[in-house]
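What the coordinates show
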Amino acid sequence: MMLEVRDLAIDIARPDAEPLRLVNDVSFRLAAGRTLGIVGESGSGKSMLLKALIGLLPGTIRATGSILFDGTDLLALGEAEMCRVRGRRIGMIFQEPMTALNPAQRIGDQIAEGIRWHRRVSAAEARAEALQWLERVRIPDARRRIDTYPHEMSGGQRQRVGIAIALAMRPDLLIADEPTTALDVTVQAEILDIFDELVSDLGVGLILVSHDLGVIGRIADETLVLYAGTRMEEGPTEAVLRHPRHPYTRGLLAAMPRRGGGVGAGGDLPTIPGTVPSLAALPPGCRFANRCGCVTEACRAAEPAWRTAADGRGLRCILGPEAAA
Ligand code: SF4
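Residues numbered from 1 in each chain as written. Predicted model: local features only at pLDDT ≥ 70, side-chain atom pairs only at ≥ 80, totals over all residues. Heavy atoms only, no water.

**Details of the sheet that holds strand E7 (residues 173-177)**
Pairing within the open sheet is mixed, and its eight strands lie in the order E6-E7-E8-E3-E9-E10-E12-E11. Only two strands of the sheet have a single neighbouring strand rather than two, namely strand E6 (90-93) and strand E11 (307-308). Set on the sheet, helix H7 (residues 185-202) makes contact with strand E3 (35-39), E6, E7 and strand E8 (205-210); between it and E8 the angle comes to about 155°. Relative to the sheet, helix H10 (residues 247-254) contacts strand E9 (222-227) and strand E10 (230-236), its axis offset from that of E9 by approximately 100°. (Pairing = 2+ DSSP bridges. Helix = DSSP H or I, 4+ residues; strand = E, 2+ residues; numbered from the N terminus. Contact = heavy atoms within 4.5 Å. Axes fitted to C-alpha atoms, helices over the stretch in contact; angles between N-to-C directions.)

Structure, rendered in structure tokens:
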């Protein structure tokens, strides 16, 4: 197994109080050539989880548990060792590609620079390889565009360059954080096609984080649903989206815009009532209790344990898979 996260918890130190737990009891696995979709609203713990995976948690925040990457626990590595993993073995793609691009440097030079940082190749070889990557991510007229600056490109093209920069390091694992959120639907579909093709052709593992179940459903083999810092449901994407077991997953699906459906009598999309609770003031018992239409008194007695059903799907709800189905 290329990546195995076990019992991950993330705590932030507070000056006059006990540390606050930001992420609790998160575990998942990812094999090479597979895509894991992680979905959740703001405040679900997605960003903290990603920072822990790439070793970029601030000093006041501490992760415990283990993040086994090809058998090495990333949480046990020092910054110098983690620097060798980040970029070269684990690539990152951000929501806003300008975050990753240098506005003052030509895109071809930016890709080539990454190649030469990690491998001993000549400048000419690195440039030739940069051109191949630009063609691979379908930049039109790549031979000419290799010398353009980021501001001369559209948002979709900049995102393709971001993907090319990450892949040019030949990572084993790629982490994409809301990579299509800022793009229109057509460009979004093209970017997802590129991910699909690259994951199967290059055999990289992909973690795609999104608040959009449509994006996750389009590309992910497995789906992990996070809520208020913990996992609520996990399983093969098709099963989770067609037969969701957790009331929260069902709420997310009901809130998805659909052609010819999903709109209530008043013309509004159904929404999940309320908001994600503050981690400093979680409700007693189930974290979703204040928003759940199936809540009973038993839900507020204690936080439901994570359970794995006979078919391998995971769930955190006292209803259990049979009742939820
Ligand atoms: S444990 Fe209760 S409140 Fe929580 S999701 Fe399940 S039914 Fe809803």
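**Section: the side chain of Glu129**
Inspection of the secondary structure assignment puts Glu129 in helix H4 (residues 123-136). In this structure, Glu129 is in contact with Ile115, Arg119, Ala168 and Arg170, ignoring residues within four places of it in sequence.

**Description of the site of the ligand**
Cys286, Cys292, Cys299, Cys317 and Ile318 are the nearest of the 13 residues found near the ligand. For the shell around the ligand, the residue count by class is twelve nonpolar, one polar and no charged. (Near = heavy atom within 4 Å. Nonpolar A, V, L, I, M, F, W, Y, C, P; charged D, E, K, R; others polar.)

**Here we look at helix H1 (residues 46-53)**
Three- or four-residue spacings in an α-helix give side chains the same orientation, since the helix completes a turn every 3.6 residues. Taken across its eight residues, H1 has six buried, putting it largely inside the fold. Positioned one or two residues after H1, Gly55 has a phi angle of 65°, which is positive. (Buried < 20%, exposed > 50% of the residue type's maximum accessible area, 1.4 Å probe, protein only.)

**A closer look at unusual backbone geometry**
Notably, Asp25 is not glycine yet its phi reads approximately 55°, a positive angle. Tracing the backbone through its elements, the reader meets Asp25 in strand E2 (residues 17-30). Relative accessible area serves as the criterion here: at 21%, Asp25 is assigned to the partly exposed category. Positive phi is not limited to glycine here, since Arg170 has a value of about 55°.

**Structural notes on the domain arrangement of the protein chain**
Here the protein chain is described as being made up of domain 1 (3-89 + 171-259 + 269-324) and domain 2 (103-167). Here the C-alpha centre of domain 2 lies 31 Å away from the C-alpha centre of domain 1. Each partner contributes residues to the interface: domain 1 has 17 residues there, and domain 2 has twelve residues. When domain 1 packs against domain 2, close to 1,400 Å² is buried across both sides, 66% of that on carbon and sulfur atoms. It is Arg88, Ile194 and Leu198 in domain 1 that bury the most area against domain 2; as a group they hold 32% of the surface buried on that side. Summed over the shared surface of domain 1 and domain 2, the result is three salt bridges. Salt-bridge contacts for Arg160 lead to Glu190; the nearest nitrogen and oxygen are separated by 2.5 Å. Our count for the domain 1 to domain 2 interface comes out at four residue pairs in polar contact (both at pLDDT 80 or more). Looking at which element gives the most residues to the side of domain 1 that touches domain 2, the answer is H7, with ten residues. Looking at the side of domain 1 that touches domain 2, its residues break down into ten nonpolar, one polar and six charged. (Domains from an automatic or database assignment. Buried area = accessible area lost by both parts, 1.4 Å probe. Salt bridge = Lys/Arg side-chain N within 4 Å of Asp/Glu carboxyl O. Polar contact = N/O pair within 3.5 Å; in protein donor to acceptor, adjacent residues only side chain to side chain.)

**Looking at the sheet that holds strand E1 (residues 3-14)**
Backbone-to-backbone hydrogen bonds join strands into a sheet, with any given pair of strands oriented parallel or antiparallel. Pairing is antiparallel in the open sheet, where four strands are placed in the order E2-E1-E4-E5. Either end of the sheet is taken by a strand with one partner, and the two such strands are E2 and strand E5 (72-73). Relative to strand E4 (residues 61-69), E1 runs antiparallel, the two being bridged by eight bridges. Paired with Ile10 across the two strands is Ala63, which belongs to E4.

**Focus: the pairing of E2**
Of the strand pairs in this sheet, E1 and E2 are connected by eight bridges, and their pairing is antiparallel. Bridge pairing in E2 places Arg14 opposite Ala17. Turn length for the E1-E2 hairpin, with the two strands adjacent in sequence and antiparallel, is two residues.

**A short note on the packing of helix H3 (residues 107-118) against helix H6 (residues 155-168)**
Across the interface, H3 lies against H6 with an axial gap of 8 Å and an inter-helix angle of 20°. Relative to H6, the element H3 is oriented roughly parallel. Note on packing geometry: the crossing formed by H3 with H6 is right-handed. Along the contact surface, H3 presents Ile107, Gln110, Ile111 and Ile115, while H6 presents Val161, Ala164, Ile165 and Ala168. Among the residues forming the contact of H3 with H6, the class breakdown is seven nonpolar, one polar and no charged. (Parallel < 35°, antiparallel > 145°, perpendicular 65-115°, else oblique. Left-handed = near helix turned anticlockwise from the far one by under 90°.)

**Notes on the pattern of salt bridges**
Here the structure, examined in full by the defined rule, presents 25 salt bridges. With its nearest N and O atoms 3.5 Å apart, the salt bridge here joins Arg170 to Glu129. With Arg170 in the loop between H6 and E7 and Glu129 in helix H4, this residue pair connects regions lying 41 residues apart in the sequence. The exposure class of Arg170 is partly exposed, given its relative accessible area of 45%. On the accessibility criterion, Glu129 (12% relative accessible area) is buried.

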